[in-house]
Every structure is written in structure tokens, then in C-alpha cells.
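So you can see what is in the structure, the chains are spelled out below.
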Amino acid sequence: MNIEVKAAPVAADALLEPPVIARVGVIGAGQMGNGIAHVCAVAGLPAVMLDAKPEAMEKAVATINRNLDRQVSKGLLSAEDKAAALARISTSSDYAAFGDCDIVIEAATEREEVKKIIFGQLVPHLKPSALIASNTSSISITRLAAVTDRPEKFIGMHFMNPVPVMKLVEIIRGIATDEPTFQAVMTLAQRLGKTTAVAEDFPAFIVNRILVPMINEAVYALYEGVGHVNSIDSAMKLGANHPMGPLELADFIGLDTCLSIMQVLHDGLADSKYRPCPLLVKYVEAGWLGRKTGRGFYDYTQTPPRPTR
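Residues numbered from 1 in each chain as written. Predicted model: local features only at pLDDT ≥ 70, side-chain atom pairs only at ≥ 80, totals over all residues. Heavy atoms only, no water.

As recorded in an unreviewed UniProt entry, the protein chain goes by 3-hydroxybutyryl-CoA dehydrogenase and comes from Rhodovastum atsumiense. According to its UniProt record, the protein chain has this under Sequence similarities (unreviewed entry): "Belongs to the 3-hydroxyacyl-CoA dehydrogenase family." (UniProt positions renumbered as here; feature names shortened; annotations may be inferred.)

Peer 1: What am I meant to see in the UniProt feature "site: Important for catalytic activity" (unreviewed entry) in the protein chain here?
Peer 2: In the numbering used here, UniProt assigns the feature "site: Important for catalytic activity" (unreviewed entry) to His 158. On the secondary structure map, His 158 appears in strand S6 (residues 154–159). Setting aside residues up to four positions removed in sequence, His 158 forms contacts with Ser 134, Asn 135, Thr 136, Ser 137, Leu 168, Val 169, Glu 170, Ile 172 and Asn 208. Among the polar contacts listed, one links the side chain of His 158 to the side chain of Glu 170, at a separation of 2.7 Å. (Helix = DSSP H or I, 4+ residues; strand = E, 2+ residues; numbered from the N terminus. Contact = heavy atoms within 4.5 Å. Polar contact = N/O pair within 3.5 Å; in protein donor to acceptor, adjacent residues only side chain to side chain.)

Peer 1: Explain the pairing of strand S1 (residues 24–27) to me, please; I cannot follow it from the model alone.
Peer 2: Within a regular strand, the side chains alternate between the two sheet faces. In S1, alternate side chains face the same way, and those of Val 24 and Val 26 on one face and Gly 25 and Ile 27 on the other are all buried. Here S1 pairs with strand S2 (residues 47–50) via four bridges, running parallel. Paired with Val 24 across the strands is Ala 47, a residue of S2. On the question of chirality, the crossover connecting S1 to the parallel S2 by way of helix H1 (residues 31–42) is right-handed. Taken together, the four bridges between S1 and strand S4 (residues 103–106) define a ladder with parallel strand orientation. The partner of Val 26 across the bridge, within S4, is Ile 105. (Buried < 20%, exposed > 50% of the residue type's maximum accessible area, 1.4 Å probe, protein only. Pairing = 2+ DSSP bridges. Right-handed = clockwise from strand over helix to strand, strands pointing away.)

Peer 1: Would you mind showing me how to read the side chain of Asp 251 here?
Peer 2: Position of Asp 251 among the secondary structure elements: in helix H9 (residues 246–253). One buried charged residue, Asp 251, remains without a salt bridge, the closest side chain of opposite sign being Arg 291 at 6.5 Å. Within the structure, Asp 251 has its side chain in polar contact with the side chain of Tyr 300 (distance 2.7 Å). (Lys, Arg positive; Asp, Glu negative; His and termini not counted. Salt bridge = Lys/Arg side-chain N within 4 Å of Asp/Glu carboxyl O.)

Here you go:
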């Protein structure tokens, strides 16, 4: 008896060539946005950076210059490489500057409503072939993609902070993301010298699904009086060999970002184990967001920083 074996069907988009990324746009000039522009420029890619605040762009360019100097001092770049990288970075407050970009990476604040407004402003200025990536650390890629005119060309590209130093990029496909977009972004990440981890589109993906609940538990330990700030951070640095204690790390990430991620986990998975600690909520309500505001679980106006609780 002859049995006919049929090959599995191949998706049409899998046969298409991935687009070539030669010019990158970055939305947001904060610590993530300027880091993304930095690594693109060092990799030889022209990068245009946009922010609603002109002073933020000036600060971002100064930060990139300082970080490039640090790489030169460590022998990672030559002075000529630094000058060439800086020359590849431009800034604008007009979305029309993204008209010739092959991909635009959004690195705005971790609030879904803000990101959706940004994509609404961005899309009319893009060429039809342009890809969109979000640097979101927790929000659904599928949901963000749905507000654009090109969900098949939308993907998550979650860089770690600080971007020029950290090697990992999480790549997250939305339900509509096509294969050429995925392959193009994987190639881009490799060109930037990054290692990729592919995550499914579930709340907080891989890194923050594991990391931020640990931080939240450390805040609970502080809230319940299990240990003081120094005790908790020292215990995890020396007992688990972590380079930073969880409360110090929370200050580095930003307490508002930590709270946003816990809220995404709590809302998206409906599990009480992801309930944000009330103390974390109080710190955010007080505007004590960590290093960027000068005060979080530590007071950074003093040297060395002193615990605030």
C-alpha cells in the first residue's frame, strides 16, 4: 500500500525576503531611547531621535557623548569611531523626520495610552515598508500593533538598561507579526551586537515576568519589617551573588516603571501573587521614583546614598 505524505504548508510570508534596515528612528530621548540611538550609531546605522521636549534631546546627545567617551577610554572604540558615531545621530521634534526610516523603535514611558497616542502620530509619516518596534517591557505587542495600519510589521524589541552595556534584547512577536519582520529585527539585533531571547506575547515577557515580582517581594519584605533596606540589599548581593540588591535595582529601573509592570502582570494574569506592594504605590505617589528623581528607597542627594526607610 502506498501512503502519500504531504509536506506541511509553508506560510506565504515565510517565502518573502526580510527587509533591509539601513536607517533607524527612535522615539524617546530618555535613558532607553538615547541608549538605542547610541548602539545603532556605533553599529554604522544613521539614527534620528525624537522627543517632545527639546531639552531632553540636548541632554540625550550629551549622555551619548559621555558614554562614547567611556568606551574610548576603555579601548572599545577609537576616537575616530566615536566621531563617526556621533555624526550618524540626528534629532527632531517632527515625526516627518521618520519618513525615510526603515524601522522606528518606540522607547517612550511605560504607559499604554501614551504609546498608542505616539503610534497614531507616527504612522501617517512612515513609508509603506517601514517596520515599527516597541521597547515596551511588559505591554501586549498584539494590542499595541492593533492601533497601527501595519500590525504585520509591528514587533517588540525590549532592550535592557543600560543599552550600550547589556547584551540581551527580548524579541516579542504579536499575533499578526509576519516572518520577514521577525527575521529583519533578529538581524538588526545581531548587527547591534546583542544576544536575542524570543518571548511569547504574555504580560511582562520573560525578564520582567521573573525580575519585577522579585523586586515587589523585596518591597513587601521592607513593608512588613522583615529587614531594613541595607539588610535586604546586602542579603541578596552576598547571598545570591546579585550585582545589585533588589531595592537598589528598583531605584535604578524607576519605581514608576516597576509599579506599571506589576499592574500589567496583575491585570493581565488575574493572580493575587502579582499584587503591587502598597509601599511601592506610596513611593510612586510621593514622586520618589528612584535615581531619576534623586530619591527612592535611597536618598541620592547624599554620598553615599542613604536609605530612606
